[in-house]
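Per-entry structural report
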Amino acid sequence: MVLDCTTINAAGHLCIGGCDTTELAAAYGTPLYVMDESTIRTALRQYKASLNENYPNGGAVAFASKACCFKEMYRILQQEGCRADVVSAGEIHTALQAGFPAEHLYFHGNAKTDRDLQTALEAGIGRIVVDNESELYRLDEMAGRAGKCAEIYLRITPGVDAHTHQFIRTGQIDSKFGITLENGDVLRVIGDVLKLEHVALKGLHCHIGSQIFEADPFVYTVQIMLQLMADVRDRFGVTLTELDLGGGFGIRYKESDTPLNCGDYMRTVSSAALECAEKLRLPFPFLVIEPGRSVVAPAGLTLYTVEHVKKIPDVRTYVNVDGGMADNPRYILYQAPYTLMLANRADAAAEGPVTVAGCCCESGDLIQENVWLPACERGDLIAVLATGAYNYAMASHYNRLPNPPVVFVNNGQARVVVRRESYDDLLRNDV
Ligand code: LLP
């Protein structure tokens, strides 16, 4: 099975977290996001354990909120002793409303507004990850006015090309993010930062991309970043003590995908960090990682009801379902691969390739093309696997579709953590 948390029961129904998906669909309706809580907790624990086992100087797992953001996620993170990265005042608000400690938040963003920075200063966000010089000077001035000193990282673009889909590559030189290492900007900016009174440079941050399968790009990145920390020491006599390597660890969407598990990623990254720091005679920095997708994607699936099957002889068969690009825009954006199953006859033999299409008024609103499924008919239940990341978080209201609920399952129990939007919710801000 593509997802470890799924099984098929004696009735031939797909189950997740010990719950029968046909019963979940009947109880909560479709489209429905379902997430297995223990898969999320296990991933967080594995990341923490492998950091602690392989890295002597400690570190933090800061879950990338953008992958999946609602209050219950922050409660789980807090219970598991994890931190979080946030990229907007909306994510900060969600975290704080869930009772998450502001000092355990890392605030990113390449276009932070004054209001964003004000929110972060007032909340006492742990680290503001400064992306560019304009932000730096604005923050220094605002912190000065508030009588505060903001603890910051600088986001560096280390020039590592991590061979993934170009839209989700953020580490190479042509990037809207961060301060570019390759053109020599970084040391000049760091020199300027060190002169400022109301920001304290605690460390450096980078993020090289997403859905990366190999450990090598992370190893190069660690080496580049530690070399930079050594250059800062040699040039300015300042030893930075924290290094944030971002996220990007890949997951299995298709049976043929072979990502490393989080323990393997961390063993490789930690030992590269140790070896390199020793060589450069740097104290081991406090290491922060920001996994998003790898924590939540393998915990989730989406359930849809088949509304109509349209067969076009010699062309293709469309299986039209009751959700689509509004709850999962990843196929229309990136042609993202997914594994699909017929959840109510999960043990039936596949009959032929079909295109599973969404319900939005847009021809490109497809969930997946050329998928082998058993023959489907109206009323069948389709499961799209590994949708726990960047699905709910990227949902829209296109065609005025209310967002589906998120149901957590755990050892046969189910509970709603985000309610289904009502039609009145959609009118909330209409005047
Ligand atoms: N840290 C930073 C600064 C990031 O920009 C990201 C993701 C992460 C951590 C988490 O990366 P992850 O472990 O989830 O790969 N919407 C796209 C993914 C965009 C990722 C952007 N940054 C998708 O659906 O594939």
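Residues numbered from 1 in each chain as written. Predicted model: local features only at pLDDT ≥ 70, side-chain atom pairs only at ≥ 80, totals over all residues. Heavy atoms only, no water.

Describing the overall build of the protein
When helices and strands are counted, the protein shows twelve helices and 21 strands. Relative to a compact globule of 431 residues, whose C-alpha radius of gyration would be 22 Å, the protein shows 23 Å and is just as compact. With respect to the three principal axes, the spread of C-alpha positions in the protein is 70 × 55 × 40 Å. Going through the 431 residues of the protein one by one, you find that 56% of them count as buried. At a minimum sequence separation of 6, the contacts of the protein that also span at least 24 residues come to 69%. Surface exposure of the protein reaches about 18000 Å², of which carbon and sulfur atoms provide 48%. Computed over 38 positive and 53 negative side-chain charges, the inter-centroid distance for the protein is 3 Å. (Helix = DSSP H or I, 4+ residues; strand = E, 2+ residues; numbered from the N terminus. Rg over C-alpha atoms; globule rule 2.2 N^0.38 Å. Buried < 20%, exposed > 50% of the residue type's maximum accessible area, 1.4 Å probe, protein only. Contact = heavy atoms within 4.5 Å. Areas by Shrake-Rupley, 256 points an atom, 1.4 Å probe, with all protein chains shown as cover. Lys, Arg positive; Asp, Glu negative; His and termini not counted. Charge placed at Lys NZ, Arg CZ, Asp CG, Glu CD.)

Side note on unusual backbone geometry
Backbone torsion omega between Thr30 and Pro31 reads -5 degrees, so that peptide bond is classified as cis. Looking at the element boundaries, Pro31 is found in the loop between helix H1 (21-28) and strand S4 (32-36). A positive phi angle, close to 55 degrees, is found at Arg281, a residue other than glycine. Within the secondary structure, Arg281 is located in the loop between helix H9 (262-279) and strand S13 (286-289). The backbone phi angle of Ala386 is positive, close to 65 degrees, even though this residue is not glycine. In this fold, Ala386 is placed in the loop between strand S19 (381-385) and strand S20 (406-410).

As for the site of the ligand
What surrounds the ligand is a group of 19 residues, the closest being Ser210, Glu290, Arg293, Arg330 and Tyr390. At a separation of 2.4 Å, an oxygen atom of the ligand approaches a polar side-chain atom of Ser210. Burial of the ligand by the surrounding chains reaches 92%, relative to a free accessible area of 580 Å². Of the residues assigned to the shell around the ligand, the class counts are six nonpolar, seven polar and six charged. (Near = heavy atom within 4 Å. Polar contact = N/O pair within 3.5 Å; in protein donor to acceptor, adjacent residues only side chain to side chain. Nonpolar A, V, L, I, M, F, W, Y, C, P; charged D, E, K, R; others polar.)

Comments concerning the sheet that holds strand S2 (residues 14-16)
In space, the three strands of this open sheet follow the order S1-S2-S3, with antiparallel pairing throughout. Of all strands in the sheet, those with a lone pairing partner are strand S1 (6-8) and strand S3 (19-20), marking the two edges. Of the strand pairs in this sheet, S2 and S3 are connected by two bridges, and their pairing is antiparallel. Opposite Cys15, over in S3, you have Asp20 as the bridge partner. (Pairing = 2+ DSSP bridges.)

Re helix H7 (residues 185-195)
Along H7, the positions that sit buried rather than exposed are Val186, Leu187, Val189, Ile190, Gly191 and Val193. Against helix H6 (133-145), strand S9 (150-157), strand S10 (179-180), strand S11 (199-205) and helix H8 (216-236) lie the buried residues of H7.

Considering the pattern of salt bridges
Evaluation of the coordinates by the stated rule reveals 23 salt bridges. Between Lys112 and Glu135 there is a salt bridge, and its shortest N-O distance comes to 2.7 Å. Of the two residues, Lys112 sits in the loop between strand S7 (105-107) and helix H5 (114-123) while Glu135 sits in helix H6, which places them 23 residues apart along the sequence. Taken as a pair, Lys112 and Glu135 share a single burial class, namely buried. Here Arg138 makes a salt bridge to Asp114, at a shortest N to O gap of 2.7 Å. Linking Arg138 in helix H6 with Asp114 in helix H5, this pair joins segments that are 24 residues apart in sequence. (Salt bridge = Lys/Arg side-chain N within 4 Å of Asp/Glu carboxyl O.)

Structural notes on the pairing of strand S17 (residues 352-357)
Within S17, five of the six residues are buried, which leaves it mostly tucked inside the rest of the structure. In terms of strand pairing, strand S15 (residues 316-321) meets S17 through three bridges, oriented parallel. In the strand pairing of S17, Tyr318 is matched with Thr355. Here S17 pairs with strand S18 (residues 366-373) via five bridges, running antiparallel. Paired with Val356 across the strands is Gln368, a residue of S18.

Some details on the domain arrangement of the protein
In terms of domain boundaries, the protein breaks down into domain 1 (6-36 + 297-426) and domain 2 (108-291). On the side of domain 2, eight residues touch domain 1, which itself brings eleven residues to the contact. When the two sides are added together, the surface that domain 1 and domain 2 hide from each other amounts to roughly 810 Å², 59% of it contributed by carbon and sulfur. Broken down residue by residue, the surface that domain 1 buries against domain 2 is led by Tyr334, Pro337 and Thr339, which jointly contribute 45%. At the boundary of domain 1 with domain 2, the tally comes to zero salt bridges. Taken together, the connections running from domain 1 to domain 2 amount to two residue pairs in polar contact (both at pLDDT 80 or more). Top element by residues in the side of domain 1 that touches domain 2 is helix H11 (residues 330-334). It accounts for three residues. For the side of domain 1 that touches domain 2, the residue count by class is seven nonpolar, three polar and one charged. (Domains from an automatic or database assignment. Buried area = accessible area lost by both parts, 1.4 Å probe.)

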